[in-house]
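Remarks on the overall topology
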Amino acid sequence: MLVSPSMLSADFAELKNECKRMKECGCDWLHLDVIDGVFAPNITFGVPVVKSIRSHSDLVFDLHLMIKDPLKYIERFAAAGADFITFHLECDSDIEQTIDKIHSLGLKAGVALKPKTPVEAVIPFIDKADMILVMTVEPGFSGQSFMADMMPKLKKISELCQGKNKLIQVDGGISEKNIALVAENGANVAVSGSTIFCAEDPKAVVEFFHSF
Ligand code: DX5
Ligand code: ZN
């Protein structure tokens, strides 16, 4: 399991050090939650913050765009240093065009499903996308409870991705208690915010996640 710590749980006054700390804990990626206050009920950060921290981290930048019209901002997030850009199937942009735009800039593209969005919505885009993100909470905030009822959806998506070399990411409430369950159901990238950032020994948590 790859580990992508959600910086939404970081101390924003210490972003540079928090990036360093995550690297020292053995994290593979950095998960950056961009929320516009329209797509989901929170406002986090945007292009300038991504650009600022880029010079302080060589980890893979895994952007999770929870914004209404991602297509408008792909170029700017690419220039700011994104490696992966994941956006939501429930957004207003054209999905195929947005994936193509991400790929045209040499980046990897992910598509995300909110908890109420059915598997069928992602089927037309599985071949094109590099990563599918199955949300295990409603988008917006760190520290929410994991929705175990997303497991059949996760399993179905991993079956559809069989043999296609896809990354399957889970995000929301991931902890030591459910990492085995999400792995069993096919996830291979774990996003984790509060569990890693609030841990007494975050390195041990990351090592534990890596063991699945
Ligand atoms: C929620 C975000 C998540 C969140 C995860 O909208 O997409 O990445 O920060 O935090 P935890 O692991 O605390 O649920
Ligand atoms: Zn996220």
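Residues numbered from 1 in each chain as written. Chains lettered and ligands numbered in written order. Predicted model: local features only at pLDDT ≥ 70, side-chain atom pairs only at ≥ 80, totals over all residues. Heavy atoms only, no water.

On the secondary structure map, A180 appears in helix α6 (residues 179-184). The sequence separation of A180 and F209 amounts to 29 residues, and the corresponding C-alpha distance is 8.5 Å. (Helix = DSSP H or I, 4+ residues; strand = E, 2+ residues; numbered from the N terminus.)

Take Q144: it is sitting in the loop between β6 (131-135) and α5 (151-160). Look at Q144 and you get partly exposed, because its relative accessible area is 30%. Spatially, the C-alpha atoms of Q144 and T44 are 16 Å apart, while their sequence positions differ by 100 residues. Sequence-distant contacts of Q144, that is, excluding residues within four places in its chain, are made with V137, E138 and G173. A polar atom in the side chain of Q144 sits 2.8 Å from the backbone oxygen of E138. In this structure the side chain of Q144 is engaged in a polar contact, spanning 3.0 Å, whose partner is the backbone oxygen of F141. (Buried < 20%, exposed > 50% of the residue type's maximum accessible area, 1.4 Å probe, protein only. Contact = heavy atoms within 4.5 Å. Polar contact = N/O pair within 3.5 Å; in protein donor to acceptor, adjacent residues only side chain to side chain.)

The next point concerns the coordination of the zinc ion (ligand 2). Ligation of the zinc ion (ligand 2) by protein atoms is provided by H31 (NE2), D33 (OD), H64 (ND1) and D171 (OD), these donors lying 2.0 to 2.3 Å from the ion. The site at the zinc ion (ligand 2) holds six donor atoms, and with the angles between them running 71 to 171 degrees, its shape is octahedral. (Donors = N, O, S within 2.8 Å, 3.2 Å for Na, K, Ca; no water. Tetrahedral: all angles 85-135°; square planar, octahedral: opposite > 155°, others 65-115°.)

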